[in-house]
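Letter by letter, the chains look like this.
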Amino acid sequence: MDISLIDQQFWCRPDRDQVFAHLRRESPVAWHPGTSDLRGFWSLTRHAEVEQVSRDWNTFQSGLGTSISDDPVALSRALGGMLNMDAPEHVRLRKIVNHAFAPGAIRGIGALVDACARETLDRVADRDGCDFVTDIAQPFPVKVICTLLGAPPNDWDELQRLSTLALSADGMDLSQNSESREQMALDAFYRLNEYGGSLARERRSQPRDDLISTIAKASVNGEQLDEEEIGIFFQLLVTAGIETTGTAIAQGFLALDAFPDQRRQWQANFEPLAPSAVEEIVRYSTPVIHFRRTATRDVNLGGASIHEGDKVVIWYLSANRDETVFKHPYCLDLGRTPNPHVGYGGGGRHFCLGANLARMEITALFRHLFSRLPDIEVSGEAVTLPSRFVNGLLSLPCRYSPTFL
């Protein structure tokens, strides 16, 4: 097929699902040629190989970067922190922060997440419509993650702006010069890193009841994170916490509009259906489209001979539509069980650290949405984000009957 998966124009095509379906059938492990400034890579589109690569961290590692691009290791770590690390560094960082995202710790912030959902809807409920993306789906996780981290409310808009810019190198404005986009993205990443490091410095002298204070004082075997490491971790939490959860909520709402029978079932029986509904929304929306690994040895994968040093790109978006794993994969089935989706990664050491928080946020937002604005519906065309990394929406008009406190 004469198609380039790294061409941003491809991600604007309406038939990209059909392209991935063809690849799953005909070339599930396919060599993708490079360009003058990008090495070629193996493209994995089937669920089995995506999961295999995710779980075999000895053979397929992250330390050389998780982006398709060939960034220097130092830059990859400055942008992605422990995402772009392997053992023992990844294990060390993960141990220090794991306790903050364990199920017990997340249950303890349920009241906060609920309050953030209510406050987000309070701001728009007295209107007769809004933009679901910019007024609900994006502000809600911003409020949650920034409150948890301890960032002052006056800084939230700027942190959201920087988060959007940081991920803009992979798309956003196709008319803009790519080098200019990349520089703006790099600047945003570094500003978020610096902000997080500065916040950590403040908390070490004046600790508060927030996540940055917890991380700043946490240690494993007497070892703590330094300010630079905390700054990178702060940036990772902000960019991932805002963009991926916001994407799942926005794409989830759009999917519920496309499958009204599923929405009616969930609204009528919310709590019992919520656990499986949230997993299905994550599968269907697949907020993160891909990640990359690098082979550490020669290996046969899906009938292809992978060589040491080869880049291997795992397409979560395709794996979550694999017809051999999911019955009717293009349909939203809120009761789907089992649901072995790879929306949080395909397992292994790099399984999404914030999965439990994301589940809680998605549940809380839809619970309060159905209660406060029960007749909310899509009222205009969805505007998709042209990106090969985040499966996001830029805009989604909606309308509803206004409600008042």
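Please read these numbers as outputs of a predicted model, since none were measured by experiment.

Remarks on the sheet that holds strand β12 (residues 397–399)
The strand order across the open sheet formed by three strands is β4-β12-β9, and the pairing between neighbours is antiparallel. Since the sheet does not close on itself, it has two edges, and those belong to β4 (129–131) and β9 (377–378), each with one partner. Sheet analysis places β4 next to β12, joined by three bridges and oriented antiparallel. Bridge assignment links Gly129 to a residue of β12, and that residue is Arg399.

Structural notes on unusual backbone geometry
Cis peptide bonds are those with omega within 30 degrees of zero, and the linkage from Ala87 to Pro88 qualifies with 5 degrees. Relative to the assigned elements, Pro88 resides in the loop between α3 (73–80) and α4 (89–98). Cis geometry marks the peptide bond from Thr337 to Pro338; its omega dihedral reads -5 degrees. Note that Pro338 resides in the loop between α15 (316–319) and α16 (355–372). Even without being a glycine, His328 presents a positive backbone phi close to 50 degrees. The residue His328 is located in the loop between α15 and α16 in this model.

Digging into helix α12 (residues 227–258)
Compared with the 46 Å implied by 1.5 Å per residue over 32 residues, the 46 Å span of α12 between its first and last C-alpha is a close match. Most of α12 sits inside the fold, with 24 of its 32 residues counted as buried. You can read the cap of α12 off the contacts: a side-chain oxygen lies 3.1 Å from the backbone nitrogen of Glu228, and it is on Asp226.

Here's the deal with the layout of surface pockets
The method is simple in principle: a probe with the dimensions of a water molecule rolls over the atoms, and the space it marks as empty is what remains. Of the voids in this model, the second largest pocket is the one considered here, and its volume is about 520 Å³. Among the secondary structure elements, those contributing two or more residues to the lining of the second largest pocket are α1 (16–26), α12 and α14 (270–285). With four residues, the single largest contributor to the lining of the second largest pocket is α12. Of the residues belonging to the lining of the second largest pocket, the class tally is 13 nonpolar, five polar and four charged.

Procedures and definitions
Residues numbered from 1 in each chain as written. Predicted model: local features only at pLDDT ≥ 70, side-chain atom pairs only at ≥ 80, totals over all residues. Heavy atoms only, no water. Pairing = 2+ DSSP bridges. Helix = DSSP H or I, 4+ residues; strand = E, 2+ residues; numbered from the N terminus. Expected span 1.5 Å × (residues − 1). Buried < 20%, exposed > 50% of the residue type's maximum accessible area, 1.4 Å probe, protein only. Polar contact = N/O pair within 3.5 Å; in protein donor to acceptor, adjacent residues only side chain to side chain. 1 Å grid on protein atoms, 1.4 Å probe; cavity = no way out; pocket = protein on both sides within 12 Å on 5 of 7 lines; lining within 4 Å. Points joined across faces, edges and corners; volume = space filled by probe spheres on them. Nonpolar A, V, L, I, M, F, W, Y, C, P; charged D, E, K, R; others polar.

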